[in-house]
Amino acid sequence: MSKAKGKLSNLSNSAHQPHSANQTRSIRGSKSRTGQPRSGSAFVISVVMIAVLVIAASVFFLRPSAASSGLRGLPNYTEIRGDYDAEGLKYEKQPHLGSSTAKVKVIEFADFKCPSCKKWKETYFERFQKEFVDTGKAELFFMNFAFIDRDSIMAASAGEAIAAQDNEQFWEFMSKLYDHQGDETKIWATPQFLLDFVKNNIGGIDYDRFAKDLQEHTYMLPVKEDFKTAGNYGVNGTPQFMVNGKLLKGGSYEELAAAIEAEAASAGAQ
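Trainee: Account for the overall build of the chain, with residues named and values stated.
Mentor: When you go through the chain residue by residue, the secondary structure sums to nine helices and seven strands. Put simply, the chain has 270 residues, and 39% of those count as buried. For the chain, the exposed surface amounts to about 15,300 Å²; the carbon and sulfur share of it is 52%.

Right, here's the structure in full:
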């Protein structure tokens, strides 16, 4: 399980100052035949050389780094402003899978950049769907806990934009985005990547509406609300699961299955 190790922060911009061996030649003032020192031209040359070095250094240090340019259009949580309510679980706001009459409600807290979430999807998602969703035992909800980096938030907002149009298409988006997951340590879920990804992989939606929502950050605040709500319930990593409001300590399939069966038995006995 990927663990949250603190608040999201900007990637640090680093620049390495080049080491140059500048050899300085001392020019002694030689005497002209009139006896006057010829130091004026040497002074001018020195000033010009210093000016060139200062300009070169300024260009080097002030140019945008690859890290900073990669963060353009990717706000962090402190930059996402607006009113939200992080109290209580709002199932109606989350993408869902299964019957609404199921007695057991399961929430998966996930980050699209999380390798463990991708692994869980590849290993257990179809099994979970067959054993619990298709049988009517449980209804599954997806809730963002986007904590790895700024593009985690962007990917989550893309998912929200898809879900706002079509709940079924969200699950296709989730599955295929995990299939195209990039390096956890790098910024890859950029606006351009997500626009191209959805255009080439997700059908059945209004693409122009999606593009507008993504670029205008329409669903950034719901992502922040998910993050804060999850934190209030003790979520500290991904994937993590909650069964009927009870947060499971681990992320193993066996623990999740046992919790669902226990809740289903309890509901049947009532």
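Trainee: If you had to explain helix α7 (residues 207-215) to someone new, which residues and values would you point to?
Mentor: Listed as buried for α7 are Phe 210, Ala 211, Asp 213 and Leu 214. The buried residues of α7 occupy one face: seen down the axis, they fall within an arc of 165 degrees. Within α7, the exposed residues directed more than 90 degrees away from the buried face are Asp 208 and Gln 215. The inward-facing, buried residues of α7 contact α4 (150-165) and α6 (191-201). Regarding α7, its N-cap is Asp 206, as a side-chain oxygen of that residue lies 3.2 Å from the backbone nitrogen of Asp 208 further along. A positive phi of about 60 degrees marks His 217, the residue just after α7.

Trainee: So what's going on with the side chain of Asn 167? Residues and values would help.
Mentor: Structurally, the position occupied by Asn 167 is in helix α5 (residues 167-179). Polar contacts involving the side chain of Asn 167 include one to the main-chain carbonyl oxygen of His 96, which spans 2.8 Å.

Trainee: Please give an account of the pattern of salt bridges that cites residues and values.
Mentor: With the rule as written, the count across this model stands at 11 salt bridges. Taking the shortest distance from any N to any O, the salt bridge between Lys 121 and Asp 179 comes out at 2.8 Å. Pair noted here: Lys 121 is in helix α3 (residues 115-133) and Asp 179 is in helix α5, with a separation of 58 residues, a long-range link. The salt bridge involving Glu 131 is made with Arg 127; its shortest N-O contact spans 3.1 Å. Here Arg 127 and Glu 131 lie together in helix α3, a separation of four residues that amounts to about one turn.

Trainee: Residue-level account of the sheet that holds strand β3 (residues 104-110), with values.
Mentor: Ordered by their spatial adjacency, five strands build an open sheet running β2-β4-β3-β6-β7, and the pairing between neighbours is mixed. Where the open sheet ends on each side, the last strands, each with one partner, are β2 (96-97) and β7 (246-247). Together, β2, β3, β4 (138-144) and β6 (240-243) form the strand contacts of α3, whose direction differs from that of β4 by roughly 155 degrees. In the packing of α5 onto the sheet, the strands contacted are β2, β3 and β4, and the crossing angle to β4 comes to about 65 degrees.

Trainee: Give me the lowdown on the nonpolar core, citing residues and values where you can.
Mentor: Ranked by size, the top nonpolar core spans 67 residues in total, and within it Val 106, Phe 112, Phe 128, Phe 173, Phe 210, Leu 256 and Ile 260 carry the most contacts. Here the element with the most residues in this core is α4; it accounts for eight residues. With sequence-adjacent residues up to four places away left out, Val 106 is seen in contact with Phe 128, Ala 138, Glu 139, Leu 140, Phe 141, Phe 241, Met 242, Val 243, Leu 256 and Ile 260.

Trainee: Residues and numbers for the pairing of β3, please.
Mentor: Of all seven residues in β3, seven are buried; the element is thus mostly enclosed. Along β3, one buried face is formed by Val 104, Val 106, Glu 108 and Ala 110 and the opposite face, lined by Lys 105, Ile 107 and Phe 109, is buried too. When β3 meets β4, the two strands line up parallel, connected through seven bridges. Within β4, the position partnered with Ile 107 by the bridge is Phe 141. Note that the unit made of β3, α3 and β4 has a crossover that is right-handed. When β3 meets β6, the two strands line up antiparallel, connected through four bridges.

Basis of the calculations
Residues numbered from 1 in each chain as written. Predicted model: local features only at pLDDT ≥ 70, side-chain atom pairs only at ≥ 80, totals over all residues. Heavy atoms only, no water. Helix = DSSP H or I, 4+ residues; strand = E, 2+ residues; numbered from the N terminus. Buried < 20%, exposed > 50% of the residue type's maximum accessible area, 1.4 Å probe, protein only. Areas by Shrake-Rupley, 256 points an atom, 1.4 Å probe, with all protein chains shown as cover. Arc of directions from axis to C-beta. Contact = heavy atoms within 4.5 Å. Polar contact = N/O pair within 3.5 Å; in protein donor to acceptor, adjacent residues only side chain to side chain. Salt bridge = Lys/Arg side-chain N within 4 Å of Asp/Glu carboxyl O. Pairing = 2+ DSSP bridges. Axes fitted to C-alpha atoms, helices over the stretch in contact; angles between N-to-C directions. Core = buried A, V, L, I, M, F, W, Y, C linked by side-chain atoms within 4.5 Å. Right-handed = clockwise from strand over helix to strand, strands pointing away.

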